[in-house]
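Observations on the three-dimensional arrangement
Here is what each chain is made of, one letter per residue.
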Amino acid sequence: MHIPSSTYRIQFNSSFTFRSAREVVPYLSDLGISTLYASPIFKARAGSTHGYDVVDPNLINPQVGTREEFEELVESVRGRGMGWLQDFVPNHMAYASDNHMLMDIFEKGPGSPYSNFFDVVWDHLRENLRGKLIAPFLGGPYGETLERGEISLVYGADGFRVKYWETVYPLRIESYAQVIGRRIDSFRERLGEEDPDYVRLFGILQVFKNLPEDVSVDGGRNAQITLGKELLWQATEENEEVRALIDESVSEFNRDVDLLDGLLRRQWFRLSFWRVATKEINYQRFFNINELISLRMEDEGVFHSVHGLVLGLLKEGRIDGLRIDHVDGLYDPTSYLRLLREQAPDAYVVVEKILEMSEQLPSRWPVQGTTGYDFLTCVNGLFCDPAGEDKFQDIYAGFTGKGLDFEALVYEKKKLLIERHLTGDLDNLTYVLKKISITTRHGIDLTWIGLKRALSEMSALFPVYRTYFDRSTVSRQDRYYVEEAIKRAKVHNPELARELDFIEMVLWVNYPEPISEEDKELWLSFVMRFQQFTSPLMAKGLEDTALYIFNRLISLNEVGGNPSRFGVGVGGFHEWNRARSGRHPNTLNATATHDTKRGEDTRARINVLSEIPDEWARHLERWSEQNRKHKAMVEGEEAPIRNREYFLYQTLLGSFPFDEGELADYAERVKDYMIKAAREAKVRTFWQDPNLEYESALTSFVGAILSPEPGNEFLESFRKFQRKVAHFGAFNSLSQVVLKITSPGVPDFYQGTELWDFSLVDPDNRRAVDYQKRRALLREIREREQTDLPALLGEMLSKKEDGRVKLFTVYRALKARNESKELFDSGEYIPLSVTGARSGNVVAFARRAASTARWAVTLAPRLLTSFVSEQGLPLGQAWEDTQVALPEGAPATWRDAFTGEALDGGGGVRLSEAFGRFPVSLLTGE
């Protein structure tokens, strides 16, 4: 198994292709990256900017390059001794016209070889969804859309299609006889029964009328369908009379709304207004996104069909590992991962999984770990001062007029999501539960409404994303989460106690006796479906709603984070790291991804506010007074609202550019971001129903306060305070980098973050990366480290705005890691005790590899504002008498990876020496 020493995430799209990446590979190798970490490279929906809307997992995405260009990139990567970690999407595909598997189902129904591929409830309880897949993509109600002529029948080489703007779906094959037969009699009358053109068309009509009833793949039906379509197209191409008849038939359907409506009602799909899916849905989606339809990955046939190309790439040695996207969306994640491991026993595998601080990956999962959100949350918390929590709560409540309780907010927003977006999904779940209840004496009297309410309450109060029950196992951890949710729901709604008790019995799969095998499968189906439901509910209710409302300190509002937990102590960090190194020593350590809410250095800056709450409060009130004149009244209330204004000032402090020449572009980025943030919060405006007046007031406010015109009092005051925040934020960032690279796990770098990353949420964080600039800076660093390293260190610190100091830190720390791979891959983690005046301002730990006698000591400053001036550096005597004790058996002599200087470790390490020239330290020795 190829265990990466470090990974570097590349976002492929039509603007950054395989050819583009090939040019970057030498730079990544020189930086010290061991493994290219690629976003999905499989054929995606036309125009996709991210690759997660796959339409064919067994083809390379032509939008990012050809198979030959992919092979050339692989050769370049291998030529540098690097590995390849591939992002893969097993959970869903795009619900799109270019998804040939789905379109084949629309044409052939149960006779399609893909009929069992997608997670569809074909026998839905609602008659209007039974036997057909809802297609909720119309811009308005079906009837109105049809009457406006926006839906039409068309014909071409691929056969008959139903067209709605750019979307086309194939007609059910049985409908061909209806369309062709519409004009066949007039065709006969005009040409006569003996006419060869009529005979030819009549014969084709009989092909469609007399399709074999055997719908199995081997039954000959599909072959006859293919033959009939080929004969019809050939006839229309060769004969004007036949072509004219087909055109006349199509035109007749398009002229007659009732006729077209009747045809549409007989299809395997049902076109509907997109809003319908919030209330009625009969397929499993990715979260609540109609355009992404889930796969039945629990079916081994589906697994092998979807994984053909990616498993081939693993077996051929083109790639080394997989990042499994959205593992929580799978029906049975444990079985999936076990099957994947059977097929790829030597692959390095990590899963995209959000974990609470106290939560662990299921021990049964044969994976190396997660994509690193857990590390991000823990390391970020180190730079938030817990001592400031009470003051921050008072400041936030005082400014907004709301003392928000985060847990109550999450519950409220999860309930909102159920009501507005997931009602149909909850109905489907309730339907299965009701079918179970009527088979038992304990459940037969429970009503549909009662069961639905109980499921809603329990789901909204579920403490984690999901559990992982399967046919054989209920873990202690999962049992606790269910019991906790049941207990909370009973407190909220005591009158639902009987329903909740019944749900608990079903989730424990406490079958009544006797029970049929069919009913056992129904119970198991409910358990698995319930687990699939709680995950998107948590993601949308917490990540995409509550985290945009509870704005006390937004650096804590991150994927996998809990903003009610105000900071992480050094002891807690050590405890968490030691436990993680024992369970998953080769998991990823991330500080930024394509899904994070803000850039890693944006968070690092905002964390500084936790150390200086009084200053923050003074500036907040001053800025609010200065900017009140820029607000507008919308629906009787000032816009932006106070909570959004509070959010904005933190955002500006975290993301304001060093180069004020970027201010105009920056202002536009912030405007776009604030609209997205407001819509995600779902308070005054929504994605589905944008409040354009409010949004206009919001963007006007941003434009006014960021205007560089003379007389902008706010901008003058803001710049001064922001420079202080940025100064200390830079040191937080350097510490974060060193901790990521040297803690247990594999350091992961999101594209471009080797320089300062002041990005916001996507799509802002997917902007093009200037690799030419990065190559030039790294080249300079590598040249000057050989000749005048001390001068380079001083220059980088005095001009930290250009980002070289971060690039240097990444480069030198990776170099040290690569020189002692075993030490950092599997070395022991040893927390170090610190004494002296600044003992609480540093994170110190050692790594030890017993087999090689190699050691490393990491020293990373934190919470510097109390003893370093606004322009000062945390170097030398600023650390006074602070000293780090070394364990018995540690080397007596050390060398610093950043300065190259030797240090005497006898009696411990004095921070005034370790931080003599550089604000972070990585000591190595034997």
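Below, the structure is looked at part by part. (Residues numbered from 1 in each chain as written. Predicted model: local features only at pLDDT ≥ 70, side-chain atom pairs only at ≥ 80, totals over all residues. Heavy atoms only, no water.)

With respect to the overall build of the chain
Looking only at helices and strands, the chain has 33 helices and 29 strands in total. Relative to its length of 926 residues, the chain is compact, with a C-alpha radius of gyration of 31 Å against a globular reference of 29 Å. For the chain, the spread of C-alpha atoms along the principal axes amounts to about 105 × 70 × 65 Å. Out of the 926 residues belonging to the chain, those deemed buried represent 62%. Carbon and sulfur atoms make up 47% of the accessible area of the chain, which amounts to about 34,300 Å² in all. (Helix = DSSP H or I, 4+ residues; strand = E, 2+ residues; numbered from the N terminus. Rg over C-alpha atoms; globule rule 2.2 N^0.38 Å. Buried < 20%, exposed > 50% of the residue type's maximum accessible area, 1.4 Å probe, protein only. Areas by Shrake-Rupley, 256 points an atom, 1.4 Å probe, with all protein chains shown as cover.)

Examining the sheet that holds strand S22 (residues 834-835)
Spatially, the three strands line up as an open sheet ordered S22-S25-S28, and their pairing is antiparallel. Each having just a single partner strand, S22 and strand S28 (909-910) make up the two edges of the open sheet. As judged from the two bridges shared by S22 and strand S25 (residues 883-884), these two strands associate in the antiparallel manner. Bridge assignment links Thr835 to a residue of S25, and that residue is Gln883. (Pairing = 2+ DSSP bridges.)

Points about unusual backbone geometry
Trans peptide bonds make up the majority, and among non-glycine residues the majority have a negative phi. Residue Ala639 is joined to Pro640 through a cis peptide bond whose omega torsion reads 0 degrees. Along the chain, Pro640 falls in the loop between strand S19 (637-639) and helix H25 (642-655). Each neighbour pair has its own omega, and for Asp762 with Pro763 the value is 10 degrees, a cis peptide bond. Along the chain, the position of Pro763 falls in the loop between strand S20 (746-750) and helix H29 (771-787). Positive phi, normally seen in glycine, also occurs at Glu635, with a value near 55 degrees. Assignment of secondary structure puts Glu635 in the loop between strand S18 (632-634) and S19. Glu635 sits in the exposed class, given a relative accessible area of 60%. Unusually for a residue other than glycine, Leu863 sits at a positive phi of about 50 degrees.

Digging into the packing of helix H18 (residues 448-460) against helix H21 (residues 517-543)
At a minimum axis distance of 10 Å, the contact between H18 and H21 shows a crossing angle of 50 degrees. The angle between H18 and H21 places the two elements in the oblique class. In the crossing of H18 with H21, the sense of the turn from one axis to the other is right-handed. From H18, Leu455, Met458, Ser459 and Ala460 reach across to H21, where they touch Phe526, Phe530, Phe533, Thr534 and Leu537. Class assignment for the residues of the contact of H18 with H21 results in seven nonpolar, two polar and no charged. (Axes fitted to C-alpha atoms, helices over the stretch in contact; angles between N-to-C directions. Parallel < 35°, antiparallel > 145°, perpendicular 65-115°, else oblique. Left-handed = near helix turned anticlockwise from the far one by under 90°. Contact = heavy atoms within 4.5 Å. Nonpolar A, V, L, I, M, F, W, Y, C, P; charged D, E, K, R; others polar.)

Considering the environment of Ser826
Looking at the element boundaries, Ser826 is found in helix H32 (residues 821-826). For Ser826, a relative accessible area of 53% translates into the label exposed. In the structure, Ser826 is positioned 23 residues away from Ala849 in sequence and 7.3 Å away in space, judged by C-alpha atoms.

Here we look at the sheet that holds strand S12 (residues 285-286)
An order of S6-S13-S12 is seen for the three strands of this open sheet, with the pairing classed as antiparallel. The sheet is open, and its two edges are formed by strand S6 (92-94) and S12, each paired on a single side. Sheet topology places S6 next to strand S13 (residues 289-294); three bridges connect them, and they run antiparallel. Bridged to His92 within S13 is Ser294.

Comments concerning the pairing of S13
Judged from the two bridges that link them, S12 and S13 form a sheet pairing that is antiparallel. Paired with Arg285 across the bridge in S13 is Ile293. Linking S12 to S13, which pair antiparallel, is a turn of two residues; within it Phe287 sits at a positive phi near 55 degrees.

A few points about the packing of helix H23 (residues 600-607) against H25
Remark: H23 packs on H25, axes separated minimally by 7 Å, with the N-to-C direction vectors making an angle of 115 degrees. Relative to H25, H23 is oriented so that their crossing is right-handed. For the pair H23 and H25, contact is made by Asp601, Thr602, Arg605 and Ile606 and by Gln650, Leu653, Gly654 and Ser655, respectively. Its residues assigned to classes, the contact of H23 with H25 shows two nonpolar, four polar and two charged.

Points about the nonpolar core
If you look at the biggest cluster of nonpolar residues, it comprises 146 residues, and the most contacted ones within it are Phe12, Trp84, Tyr95, Phe118, Phe160 and Leu232. For this core, the element with the most residues is helix H31 (residues 804-819), which contributes eight residues. Those residues within four positions of Phe12 in sequence are excluded, and the remaining contacts are Thr17, Phe18, Ala21, Ala38, Ser39, Ile41, Thr49, Val64 and Leu73. (Core = buried A, V, L, I, M, F, W, Y, C linked by side-chain atoms within 4.5 Å.)

Observations regarding helix H27 (residues 692-705)
Taking 1.5 Å per residue, 14 residues should reach 20 Å; H27 reaches 20 Å between its end C-alpha atoms and fits that length. Every buried residue of H27 is accounted for by Tyr694, Glu695, Ala697, Leu698, Thr699, Phe701, Val702 and Ile705. Where H27 is buried, its residues meet helix H24 (613-627), S18, S19, H25, helix H26 (663-681) and helix H28 (713-742). (Expected span 1.5 Å × (residues − 1).)

Considering the pairing of strand S7 (residues 133-138)
The element S7 is extensively covered by neighbouring structure, given that six of its six residues are classed as buried. Across five bridges, the pairing between S7 and strand S11 (residues 269-273) is parallel. Bridge pairing in S11 places Ile134 opposite Arg270.

Thoughts on the environment of Leu429
Counting through the fold element by element, Leu429 comes out in helix H17 (residues 423-437). With a relative accessible area of 4%, Leu429 lands in the buried category. Apart from the residues within four sequence positions on either side, Leu429 is in contact with Leu455, Phe526, Arg529, Phe530 and Phe533.

Quick notes on the side chain of Thr685
Here Thr685 is to be found in the loop between H26 and H27. The exposure class of Thr685 is buried, given its relative accessible area of 0%. Engagement of the side chain of Thr685 in a polar contact is seen with the backbone nitrogen of Asn691, the distance being 2.7 Å. At 2.7 Å, the side chain of Thr685 forms a polar contact with the side chain of Glu695. Excluding its chain neighbours within four sequence positions, the residues that come into contact with Thr685 are Ala678, Arg679, Pro690, Asn691, Tyr694 and Glu695. (Polar contact = N/O pair within 3.5 Å; in protein donor to acceptor, adjacent residues only side chain to side chain.)

Here we look at the pattern of salt bridges
Two side chains carrying opposite charge are able to pair once their charged atoms lie near each other. Applying the stated criterion across every chain, the model contains 83 salt bridges. Across the pair Arg148 and Glu144 runs a salt bridge, and its minimum N-O distance is 4.0 Å. When its relative accessible area of 48% is taken as the criterion, Arg148 is described as partly exposed. On the accessibility criterion, Glu144 (44% relative accessible area) is partly exposed. A salt bridge links Glu298 to Arg296, with the nearest nitrogen and oxygen atoms 3.7 Å apart. Judged by its relative accessible area of 30%, Glu298 is partly exposed. Overall, the relative accessible area of 25% leaves Arg296 in the partly exposed class. In the salt-bridge network here, residues are joined through shared partners; they are Glu780, Arg784, Asp788, Glu795, Asp802 and Arg804. (Salt bridge = Lys/Arg side-chain N within 4 Å of Asp/Glu carboxyl O.)

Purely spatial values, then, with no claim about function.
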